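# Structure assessment
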Amino acid sequence: MEIGFLEGDKLPKLGSGNNSQTSRDLIAWSLNISNLVKELVNEIKSLKESNMAKDEKIAALERSLNQNGKNNGAMTYADLFKSSNKETEAVIISKIKESNQKSKIDKNISISGIIECNHDSKEYRDNHARNEVEKIFTKIGVSKEKMVKVYRLPKRSNHVDLSTSPNTLTPTRTSKVIVEMTDSDSQKSTLIAAKVLKEYDDYRNIYINQDKTLNERLIESKLRSERNKRNADLNSVSGRHRFQDDREKKWYWGIRNDTLSDNYLYQLTLLPTFGANTLDLVLCDDSTRIFQVNIGPHLSCSSKNILHNTLNFDYHLNTHLPAPEYEAKRIYSKGNYMDMITEINLTDWYTLFENLTTEEAYEAFLQKYNKLVEKHIPVIHVSKSFRFKKAFPKWSNPQIKKITKEKFKLFSKLRAASKSAAIILRSAYNKKCYEIKKLVAETVLSYEKKIARQCKSNPKLLYSYINEQKKCKDKIRYLVDRKGKQLINEEDIANCLNEAFYNSFNTVT
């Protein structure tokens, strides 16, 4: 492209004398245009050079692929295009197009079940769809600012309406609405929040899913049609469900991993569970694992009394669980200490300890004490694997326990959630943490004021609370016996103390 006429000495210039404003504007405009053309020409040259370099690189790669194909006998994309098979080229091109389409809809969601607007203007129909989507987003708690574009797919037509004209196709279902989101995280959070729609009667038939390419939708439609066609030919019926009864196994056709396959499952509910129909099913791949399926009472009651029944059955495990081992635990908090004190006061200790050594008197006292414990302290039998929970602090109350459980549930959901869902759950979890911290601080302050007011009348309450606040409990770490040996083991320390206690009451004469 020749651009010599845009050189500085060949551009028009203003003459001497007074020039009009229009002339000056035209000269300035021509200078700007010439500069812009020069920039565009330079950019075109750089693009051409870049394309030439890429063409050379592609040619070198093709030569390398051809050489590898000759050496290894492997088929490459270049070999496929060089072949004269037009079908192979069509398949490759369709796969490339589908991959491009897939990349374009990575952030899209599809919403089915939205009522269509029968207006002639496409813009009006799209605006109507956008308003309906905004209402849905409000229900599930998603900001409408995350939407970039909303449009409705063309109406689907499945059968001919002969009453109008033989060439007119009438749509049988509402078409899907496609919503383009701002990013993938917004798409994932919307898909997770969509389960809230089932709680609203007006939106129970609205379904939100990830958008799919046209080819994927056609494949799914063909699979569903083929599945329904094959299931319609099966010989047995249970309510609205059909299955094939081959005596040994019962099965039906289903879609698994984008393929149509036969599902071998046993249906073990033989009696009606909803009026005269069997709508609640118990399915299992092995009929010997489940037995004694019983139809229980209704879940609730109504004027028509047509409700689902409860089902109960026994499930046979492959492995037998070991029988739990139990041990006796005494509940000292529920002991009858008043009767114990009465019996202790009525005991003639002088007669009981008469002519006994210290050791024998101690053994007699223990026997008496153990009989009183067995008589007045109740016993429960718990599994050996059971561990008593740590006691709650004295200032704890039912409200704190309730909020603590809610906080733990949010924490469990947060750990199991994906990155997009964690953003929503983390704010709720942080809010719950702040709420429980504030409540605990207020409760502790109120309890400490209470024991401070009662410290004169009940000082033990104050001292027990102070001892509980000690993080490190005092205990004997080690002892040195009479021989100068250091004792660290707890049993050795107990024996050393017992020996010292015994020697203090037994003097050598």
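An unreviewed UniProt entry lists the protein under the name RNA-directed DNA polymerase from mobile element jockey-like, from Brachionus plicatilis.

## Concerning the environment of Tyr200
Inspection of the secondary structure assignment puts Tyr200 in the loop between helix H5 (184–193) and strand S6 (207–210). Overall, Tyr200 belongs to the partly exposed group, its relative accessible area being 29%.

## Some thoughts on the sheet that holds strand S1 (residues 108–112)
If you walk across this open sheet you meet the four strands as S2-S5-S1-S6, and the pairing is antiparallel. The sheet is open, and its two edges are formed by strand S2 (147–152) and S6, each paired on a single side. For this sheet the average axis-to-axis angle between neighbouring strands, irrespective of direction, equals 25°. In this structure, S2 lies alongside strand S5 (residues 177–181), joined through five bridges in antiparallel fashion.

## A few points about a positive patch on the surface
On the surface, a cluster of positive charge is contributed by Lys195, Lys198, Lys401, Lys405, Lys409 and Lys413. Mapped onto the secondary structure, Lys413 falls in helix H10 (residues 398–416).

## Digging into a nonpolar patch on the surface
Together, Tyr332, Tyr337, Met338, Ile341, Tyr362, Phe365 and Tyr369 make up an exposed nonpolar region whose accessible area comes to about 750 Å². Counting residues per element, the ones that place at least two in the nonpolar patch are helix H7 (337–346) and helix H9 (358–376). Relative accessible area serves as the criterion here: at 45%, Tyr332 is assigned to the partly exposed category.

## Here's the deal with the pattern of salt bridges
If you walk through the whole model with that rule in mind, you get seven salt bridges. Across the pair Glu132 and Lys135 runs a salt bridge, and its minimum N-O distance is 3.8 Å. Linking Glu132 with Lys135, this pair stays in helix H4 (residues 122–140), spanning three residues, or about one helical turn. A salt bridge links Asp201 to Arg204; its shortest N-O distance comes to 2.9 Å. Assessed through its relative accessible area of 63%, Asp201 is described here as exposed.

## Describing the nonpolar core
Core analysis: the largest hydrophobic core is formed by 20 residues, its most contacted members being Ile111, Val133, Ile136, Phe137, Val179 and Ile208. Of all the secondary-structure elements, those providing two or more residues to this core are S1, H4, S2 and S5. With five residues, H4 is the single largest residue contributor to this core. Those residues in contact with Phe137, other than ones at most four positions away along the chain, are Ile109, Ile111, Val142, Ser143, Lys144, Met147, Val179, Met181 and Thr190. Formed by nine residues, the second largest nonpolar core is a distinct cluster that contains Ile403, Val444, Tyr447 and Ile451.

## A look at the packing of aromatic side chains
Summed over the entire model, instances satisfying the criterion amount to four aromatic pairs. Seen in terms of ring centroids, Trp349 and Phe353 are 5.6 Å apart; in terms of plane orientation they differ by 35°. Their pairing is tilted. The partly exposed category is assigned to Trp349, whose relative accessible area is 23%. Where Phe411 meets Tyr429, the ring centres are 6.1 Å apart and the plane angle is 40°; that geometry is what we call tilted. With Phe411 in helix H10 and Tyr429 in helix H11 (residues 419–453), the pair connects residues that are 18 residues apart, well separated along the chain. Given a relative accessible area of 33%, Phe411 falls into the partly exposed group. Among the aromatic residues, ring-to-ring pairing joins Trp349, Phe353 and Phe365 into one connected group.

## A word on the side chain of Ser189
By secondary structure assignment, the location of Ser189 is in helix H5. Given the relative accessible area of 5%, Ser189 is considered buried. Excluding residues within four positions of it along the chain, Ser189 makes contact with Lys146, Ser420 and Ile424.

## Details of the confidence of the model for the protein
Parts of the model with low pLDDT should not have their predicted coordinates read in detail. Counting all residues, the mean pLDDT for the protein is 76, and 73% of those residues have values of 70 or more. Every residue in residues 70–77 scores below 50 in pLDDT, and together they form six contacts with partners more than four places removed in sequence or on other chains. Below a pLDDT of 50 lies the segment residues 157–172, which in the model reaches 18 contacts outside its immediate sequence neighbourhood of four places, other chains included.

What counts, and where the lines are drawn
The written sequence of each chain sets the order in which its residues are numbered from 1. Per-residue local features of the predicted model are confined to residues with pLDDT of at least 70, and side-chain atom pairs are confined, for both listing and counting, to 80 or more; whole-chain, interface and lining totals are unaffected and use all residues. Think of the side-chain values as coming from all heavy atoms in the structure, minus any hydrogens and water. Going along the chain from the N terminus, every DSSP run of H or I of four or more residues is numbered as a helix, and every run of E of two or more is numbered as a strand. The rule is simple: take the accessible area with a 1.4 Å probe, protein chains only, and divide by the maximum for that residue type; under 20% is buried, over 50% is exposed, in between is partly exposed. If DSSP finds at least two bridges between two strands, the strands pair. Simply put, an axis is a line fit to the C-alpha atoms, just over the touching stretch for a helix, and the angle between two N-to-C directions goes from 0 to 180 degrees. Here a patch means residues that are over 30% exposed by relative accessible area and free of salt bridges, tied together within 9 Å if like-charged and within 5 Å if nonpolar (Val, Leu, Ile, Met, Phe, Trp, Tyr). What sets the accessible areas is the Shrake-Rupley method with a 1.4 Å probe; for residues, cover comes only from the shown protein chains. The salt bridge criterion pairs a side-chain nitrogen of Lys or Arg with a carboxyl oxygen of Asp or Glu, the two atoms within 4 Å. The positive count covers Lys and Arg only, the negative count covers Asp and Glu only, and His and the chain ends enter neither. Charged groups are reduced to one reference atom each: NZ for lysine, CZ for arginine, CG for aspartic acid, CD for glutamic acid. Residues grouped as a nonpolar core are buried Ala, Val, Leu, Ile, Met, Phe, Trp, Tyr and Cys residues, joined through side-chain atoms within 4.5 Å. Working rule for contacts: check all heavy atoms of both residues, and any pair within 4.5 Å makes them a contact. Planes of paired rings set the category: under 30 degrees apart is stacked, over 60 is edge-to-face and the rest tilted, where pairs are Phe, Tyr or Trp rings (Trp by its six-membered ring) whose centres lie within 6.5 Å. Confidence of the prediction at every residue is given by pLDDT, a number between 0 and 100.

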